[in-house]
Amino acid sequence: MMEAVPVSMLMGLAMAMASLLIIRVAGQNSPVDHFSGGHYSQQMRKMKALKTSLLRRDSVSLPPSSAAAPSPSGSPSQVGSAPRLYPVTSYGADPTGVADSTEAILGALSDAFKGPSDGVLMEGIANLGGARIDLEGGSYLISTPLKFPATGAGNIMIHGGTLKASDNFPADGYLIDLSSSSSNQKKENNLTTVDDQLISSSSTYNYEFITLRDLMLDSNYRGGGIAVINSLRTTIDNCYIAHFNTTGILIQGGHETLVHSSFLGQHITAGGDPGERSFSGTAINIVSNDNAITDVVIFSAAVGVMVSGQANTLSGVHCYNKATGFGGTGIYLKLPSLTQTRIVNCYLDYTGIVAEDPVQLHISSSFFLGDAYIVFKSINGVARGVSVVGNMFSGSGKGVEIVQLDQKNGPFKEIDQVVVDGNNVNGMKVRATVGRDSTQGNGTSWSIDFNPILLFPNHIRHVQYSLLTTGGASFPLHALRNVSGNRVVIESNVAVPASVFVTVDQ
């Protein structure tokens, strides 16, 4: 029996023949200086016909053993080193959302975790090689949280479909739950295979490099959307999370979770919702360090982003979750005296920012609309290393201050390196830690009251002033005499007509 010629060899032969037909012979006396349009087209049609016949002949002559046999278990087969794909409908998931698909999707996850491991990521984290759980654009009914079968694994993706909580979904659960559980631990303590032993985590993290992409999660007002617990380098990308009554995304422990290009809201609305006063829940709750929330829209929740960890970054976040006037907060920084948060290029839309005892907080290049403002809330009376600079504030002309102090728990006593300055304000009242003013008079005393501008009461740390006499031949002695109550007093030894220019900072 004649052996089949490989496709690559036939293709190479075809290309070689093509090159012989269309090569241009150099030289002035060459008999084949160029092809005419008709002759060239005729030759190319012949070559296409030859290529098609060669490919057809090779495809029908493939030996039977080269075709992938169907998987006896119904799960997707794995051929060579191709990416490991797990279409959930192959496991019996119902893409119409009528039947419960929980067990089917868990079956796909289980098979992905049983696959070959390509070494480890962090120590104790098995590399699953880029396995993908494909939701195939379907909508699936889920009755219990989707948890991985074991901890200590990474490099796996869930993508491409909709998950909806059933009416009996646990009220405190999350549709996708990246956490360990007692059942997981029980499995890990009863290991029987080499793969199981590899998946058993000796790492301090549950998972690493998990990707959740192109998903719509409908919590059906039964719990939350995604829980990322003690995991490392998790990505949540292009997700739409709605109808949560607890938290849309919970990030707890671990670090380096990236949430970007996503939309979150308890109720699906585009603003002006008649039920806005009753919005509840938190869209994103970060109880973790070193995470980034970028290009995210939060359109309904009592709190847009709650931050209780260090060294987090929020950029390009648009919050119109619940107006401050209705009791809502756009971004709440709840880590007194250890904030270490950067908020840049965000849009606070009728809802503002609250920071408890802010320490190392940077807010810049952000837009505050609809009388939205920033609150420094005293817990232990500490504000240190804070900059609120280069923002835009737009209000209704009601005299709302752009930065306010909440001192119900006691006044701010430790204030250092706090800069609130250089903000663009329209229709609101400017508050700053830097003040500039001038006064004129004929006498021995000049005073300027900086209370209308300065943020902290009775707190001036530095003063610079200039005294310009406008007449007379005398050269008066003058000095700064008082700064109490945020009032600056300059006095001279003789009466003179003068202009005084003063700059203060807190």
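Residues numbered from 1 in each chain as written. Predicted model: local features only at pLDDT ≥ 70, side-chain atom pairs only at ≥ 80, totals over all residues. Heavy atoms only, no water.

1. Quick look at the confidence of the model for the chain
Argument step 1. Mean pLDDT over the chain: 84, with 79% of residues reaching 70 or higher.
Argument step 2. Taken together, the stretch residues 1-41 has pLDDT below 50 and engages in 25 contacts with residues farther than four places along the chain or on a different chain.
Argument step 3. Confidence drops under a pLDDT of 50 for residues 182-201, and excluding neighbours within four residues, the segment shows 29 contacts in the predicted structure. (pLDDT = per-residue confidence, 0-100. Contact = heavy atoms within 4.5 Å.)

2. Some points on helix α3 (residues 102-114)
Argument step 1. In this model, α3 (13 residues) spans 19 Å end to end at C-alpha, consistent with the 18 Å of a helix rising 1.5 Å per residue.
Argument step 2. Regarding α3, the residues found buried are Thr102, Ala104, Ile105, Ala108, Leu109, Ala112 and Phe113. (Helix = DSSP H or I, 4+ residues; strand = E, 2+ residues; numbered from the N terminus. Expected span 1.5 Å × (residues − 1). Buried < 20%, exposed > 50% of the residue type's maximum accessible area, 1.4 Å probe, protein only.)

3. Describing the pattern of salt bridges
Argument step 1. Here the structure, examined in full by the defined rule, presents twelve salt bridges.
Argument step 2. Of the charged contacts in the structure, one is a salt bridge between lysine 408 and aspartate 406, with a shortest N-O distance of 3.4 Å.
Argument step 3. Note on lysine 408: relative accessible area 73%, which makes it exposed.
Argument step 4. Of the residues examined, aspartate 406 reaches a relative accessible area of 16% and is grouped as buried.
Argument step 5. A network of salt bridges, in which partner residues are shared, links Glu208, Arg233 and Glu256. (Salt bridge = Lys/Arg side-chain N within 4 Å of Asp/Glu carboxyl O.)

4. Here we look at the nonpolar core
Argument step 1. The biggest cluster of nonpolar side chains holds 86 residues, and the ones touching the most others in it are Ile156, Ile284 and Phe376.
Argument step 2. No other element matches α3, which puts six residues into this core.
Argument step 3. If we ignore the near neighbours within four places in the chain, the residues touching phenylalanine 376 are Ala355, Pro358, Leu361, Val386, Val388, Val403, Gln404, Leu405, Asp406, Phe412, Val420 and Leu455.
Argument step 4. Listed in part, the 13 residues of the second largest apolar core include Val488, Ile490, Val502 and Val504. (Core = buried A, V, L, I, M, F, W, Y, C linked by side-chain atoms within 4.5 Å.)

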